[in-house]
Structures are given as structure tokens and as C-alpha cells.
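So the chains spell out like this:
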Amino acid sequence: MSTLVTYFSAEGTTAKVAKTFAEAIGADIFEIVPVEQYSEADINWKNPIARCNREQLGNKDVPVRGTVENFDQYDTVYIGFPIWYGQAPRVIHTFCKAYDWTGKKVYAFATSGGSKIGKTAEKLSPSLAGASIVEAKLVFSADDVKNW
């Protein structure tokens, strides 16, 4: 079995952490990309009608481009994302619901400029049905993920 690092990055911060971490541990990597890319206006959380807010508050599915090939081969999956409203963005939930997580260890690492981790693991768990472990941690660098 092997390890996969997946990530969604709205502004590049999460991508940098995920890529550095995956390289350091020799893991495969997969970028979670929404079918409709986010613009700067879409992720302006200060605007109550911005796309990110409408998706989060409405618990909307956000279609994802592409799939992870041979997902069954992974026993450990790290999922990185910016924290939105104290949880994973909806694109992460949509991505997760597309796979069978039975028996997998899942470690969600969230990057943030000011938000806290909140109940991220608890809120993400329903989208990770069957996972043996679901943990979440706020990180600021690849070293924070490695030292988990």
C-alpha cells in the first residue's frame, strides 16, 4: 500500500505545502481542481454573496475535474485545503464522496491566514464514509504536516 497527498489550493499556499510534503515523504500527489475555477472575486469571503460563501452556507456540491487512478492502492491519504468557515471547502466534500474510503487513514491538513481548525474532522467525516482514521490539523508549512 502507499500514500497519496491530495490538495485544493485557492491561492497557492496549500499547493506549496502539499507539494513539498509529498516530495519529502515520496507520496503520489493529486490536485483537486473544481470544474469551474475560482476567480479572486469567488473567494472573497468578505463578500456575503461570493461563490465561496454561497457554496459553504448552502452545502453545495462543487464538481471536480479528473479522478485519482487506482485509488484502492492507497492506505493513507492526506487532504490539504484552505480552511473556509472552520471546515473544508465544499469542493473537498465533493471529491471525497466520489471514493471508497473503507479502511483508509485520512489526515486533513488545513492552511489558513486566520481561521481555526474548528470541527473540520467531524464535519468532513460524513464525506469519508468507512475511513478508519480521520484527523485534521491546521498547518503553516510542510514540516508541520511531517511532524504530525
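Residues numbered from 1 in each chain as written. Predicted model: local features only at pLDDT ≥ 70, side-chain atom pairs only at ≥ 80, totals over all residues. Heavy atoms only, no water.

This part takes up the layout of surface pockets. In this structure, the largest pocket encloses a volume near 550 Å³. What lines the largest pocket is a set of 24 residues, among which Glu11, Trp45, Pro82, Ile83 and Trp84 lie closest to the centre. Sorting the residues of the lining of the largest pocket by element identifies α1 (13-25) and α2 (51-58) as the ones contributing at least two each. No other element matches the three residues that α2 contributes to the lining of the largest pocket. For the lining of the largest pocket, the per-class residue count stands at 10 nonpolar, 11 polar and three charged. (1 Å grid on protein atoms, 1.4 Å probe; cavity = no way out; pocket = protein on both sides within 12 Å on 5 of 7 lines; lining within 4 Å. Points joined across faces, edges and corners; volume = space filled by probe spheres on them. Helix = DSSP H or I, 4+ residues; strand = E, 2+ residues; numbered from the N terminus. Nonpolar A, V, L, I, M, F, W, Y, C, P; charged D, E, K, R; others polar.)

Counting residues in each nonpolar core, the largest one holds 29 residues, and the members touching the most others are Ile79, Phe81, Ile92 and Trp101. Only β5 (74-82), α3 (90-97) and β6 (105-111) provide two or more residues apiece to this core. Once residues within four sequence positions are removed from consideration, Ile92 is found in contact with Phe8, Ile32, Ile79, Gly80, Phe81 and Leu124. Ala15, Val17, Ala18 and Tyr78 belong to the second largest nonpolar core, which has 14 residues in total. (Core = buried A, V, L, I, M, F, W, Y, C linked by side-chain atoms within 4.5 Å. Buried < 20%, exposed > 50% of the residue type's maximum accessible area, 1.4 Å probe, protein only. Contact = heavy atoms within 4.5 Å.)

Okay, the packing of aromatic side chains next. In total, this model carries 11 aromatic pairs according to the counting rule given. A ring pair is formed by Phe71 and Trp101, whose centres lie 4.9 Å apart and whose planes are at 75 degrees; its orientation type is edge-to-face. With Phe71 in the loop between β4 (64-65) and β5 and Trp101 in the loop between α3 and β6, this pair connects stretches of sequence that are 30 residues apart. Both residues of the pair, Phe71 and Trp101, belong to the buried class. Its guanidinium or amino end placed over the ring of Tyr38, Arg51 lies 3.8 Å from that ring's centre, counting from NZ or CZ. When the ring centre of Phe71 is taken as reference, the NZ or CZ atom of Lys104 above it lies at 4.8 Å. (Phe/Tyr/Trp six-rings, centres within 6.5 Å; stacked < 30°, edge-to-face > 60°. Lys NZ or Arg CZ within 6 Å of the ring centre and 35° of its normal.)

For the coordinates displayed, the defined rule picks out two salt bridges. Put simply, Arg51 and Glu55 hold a salt bridge, and the shortest N to O gap is 2.6 Å. Separated by four residues within a single helix, Arg51 and Glu55 lie in helix α2, roughly one turn from each other. Taking the relative accessible area as the measure of exposure, Arg51 reaches 7% and is therefore buried. In this structure, Asp61 engages Lys97 in a salt bridge whose closest nitrogen and oxygen atoms are separated by 2.7 Å. You can see Asp61 sitting in the loop between α2 and β4 and its partner Lys97 sitting in helix α3, a full 36 residues away along the chain. With a relative accessible area of 45%, Lys97 lands in the partly exposed category. (Salt bridge = Lys/Arg side-chain N within 4 Å of Asp/Glu carboxyl O.)

Moving on, we come to unusual backbone geometry. Here Asn70, not a glycine, exhibits a phi torsion of approximately 55 degrees, which is positive. Among the secondary structure elements, Asn70 is positioned in the loop between β4 and β5. Look at Asn70 and you get exposed, because its relative accessible area is 57%.

Turning to the environment of Tyr99, a few remarks are in order. Along the polypeptide, Tyr99 turns up in the loop between α3 and β6. By relative accessible area, Tyr99 is classed as buried at 15%. Residues Tyr99 and Thr67 lie 32 residues apart in sequence; the distance between their C-alpha atoms is 9.3 Å. Tyr99 has contacts with Thr67, Val68 and Phe71, leaving out every residue within four places of it along the chain.

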